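Overview (structure and organization)
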Amino acid sequence: MTSQKIVSRDAAAAQVRTWHAEGQRVVFTNGCFDIVHLGHIDYLEKARALGDKLVLGLNTDASVSCIKGPLRPVVNEQARARLMAALQFVDLVTLFGEPTPLELIETLRPDVLVKGDDYTVATIVGADFVLGNGGRVETIALVPGYSTSSLIQKIVEAYG
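Model, not experiment: these values are computed from the prediction.

Right, let's get into the overall build of the chain. For the chain, the count of helices and strands is 7 helices and 5 strands. When the elements of the chain are put in sequence order from the N terminus, they spell out α-β-α-β-α-α-β-α-β-α-β-α. Computed over the C-alpha atoms, the radius of gyration of the chain is 15 Å, within 12% of the 15 Å expected from 2.2 N^0.38 for a compact globule of 160 residues. Counting only C-alpha atoms, the chain reaches 55 × 35 × 25 Å along its principal axes. In the chain, buried positions account for 42% of the 160 residues.

When the UniProt feature table is mapped onto this chain numbering, "domain: Cytidyltransferase-like" (unreviewed entry) sits at residues 28–122. The distance from the first to the last C-alpha atom of residues 28–122 is 17 Å, and the span holds 38% helix and 22% strand.

Here the focus is the pattern of salt bridges. Under the counting rule described, the total for this entry stands at 7 salt bridges. Its salt-bridge partner being E98, residue R9 comes within 3.0 Å of it at the nearest N-O pair. With R9 in helix α1 (residues 9–21) and E98 in the loop between β3 (92–96) and α5 (102–108), the pair connects residues that are 89 residues apart, well separated along the chain. The partly exposed category is assigned to E98, whose relative accessible area is 23%.

A separate point is helix α2 (residues 38–48). Buried within α2 are the following residues: G39, H40, D42, Y43, L44 and A47. Looking at the buried side of α2, the elements it contacts are β1 (26–31), β2 (53–59), α4 (77–86), β4 (112–116), β5 (136–140) and α7 (148–159).

As a further point, take the side chain of R72. Locating R72 in the fold gives a position in the loop between α3 (61–68) and α4. R72 gets classed as buried once you look at its relative accessible area, which sits at 10%. Here D34 takes part through its side chain, which lies 2.9 Å from a polar atom of the side chain of R72. Excluding its chain neighbours within four sequence positions, the residues that come into contact with R72 are D34, V64, S65, T148, S149 and I152.

On to the sheet that holds β3. Reading across the sheet, the 5 strands line up as β3-β2-β1-β4-β5 and stay open at both edges, with parallel pairing between neighbours. If you trace the sheet from one side to the other, it starts and ends with β3 and β5, each paired once. Across this sheet, the average inter-strand angle for adjacent strands is 25°, counted without regard to direction. The pairing of β1 with β2 spans 6 bridges and is classified as parallel. Counted as the bridge partner of V27 is L54 from β2. Lying on the sheet, α1 is in contact with β1, β2 and β3; it crosses β3 at an angle near 140°. Strand contacts of α4: β2 and β3, with the helix running at about 165° to β2, the strand carrying the most contacts.

So, how was this worked out
Starting from 1, residues in each chain are numbered consecutively following that chain's sequence as written. Only residues with pLDDT of at least 70 are given local features in this predicted model, and only at 80 or more are side-chain atom pairs given and counted; all residues enter the totals for whole chains, interfaces and linings. Water and hydrogen atoms play no part in the side-chain values, which are based on all heavy atoms of the structure. Numbering of helices and strands runs from the N terminus; a helix is a DSSP stretch of H or I covering at least four residues, while a strand is a stretch of E covering at least two. Taken over C-alpha atoms, the radius of gyration is set against a globule rule of 2.2 Å times the number of residues to the power 0.38. Only protein chains enter the accessibility calculation, which uses a 1.4 Å probe; a residue whose area is less than 20% of its type maximum is buried, one above 50% is exposed, and one in between is partly exposed. UniProt positions are given in the numbering used here, feature names are shortened, and annotations may be inferred rather than shown by experiment. For this document, the term salt bridge refers to a Lys or Arg side-chain nitrogen within 4 Å of an Asp or Glu carboxyl oxygen. Residues count as neighbours in contact if any of their non-hydrogen atoms are within 4.5 Å of one another. Think of a polar contact as two N or O atoms within 3.5 Å of one another; within protein, one of them needs to be a possible hydrogen donor and the other a possible acceptor, and neighboring residues in sequence only count if both atoms come from side chains. Strands qualify as paired when DSSP identifies two bridges or more between them. Structural elements are reduced to axes, namely lines fitted to C-alpha atoms, with helices fitted over the stretch in contact, and the angle between N-to-C directions of any two is expressed from 0 to 180 degrees.

Shown next, in the form of structure tokens:
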């Protein structure tokens, strides 16, 4: 069941410790993932290829609203979490409501931290922590023309 891949922060930390003890490389990324599209799929598949397991930190509804505005998210956090968990290359999903994922990154201690190439290593939250613990920070090229905001704009223009 995909819902079994959606876990609390404490359960995610325990699972990551188990994977580390087994010698597996854990990749972490985070985001809102509101209205899943090709860009998300491509990004997450490439992120997973950087290690053995992929943990996704998913913004709560309240944090998405703070970041994206009061009309977002379009899809609620339970549905977004299930959609992300349904992806074969996502091993765990855990929600976070803080303004940044730093606390979650510090708790999970991933081997690889990943964001899109609209970030630089210098601007990725948690990069210093991961690098300081011997990990890697990677950016992944985004698929041009795919963003949730642009999809919403197309829908508004087409259907008013």
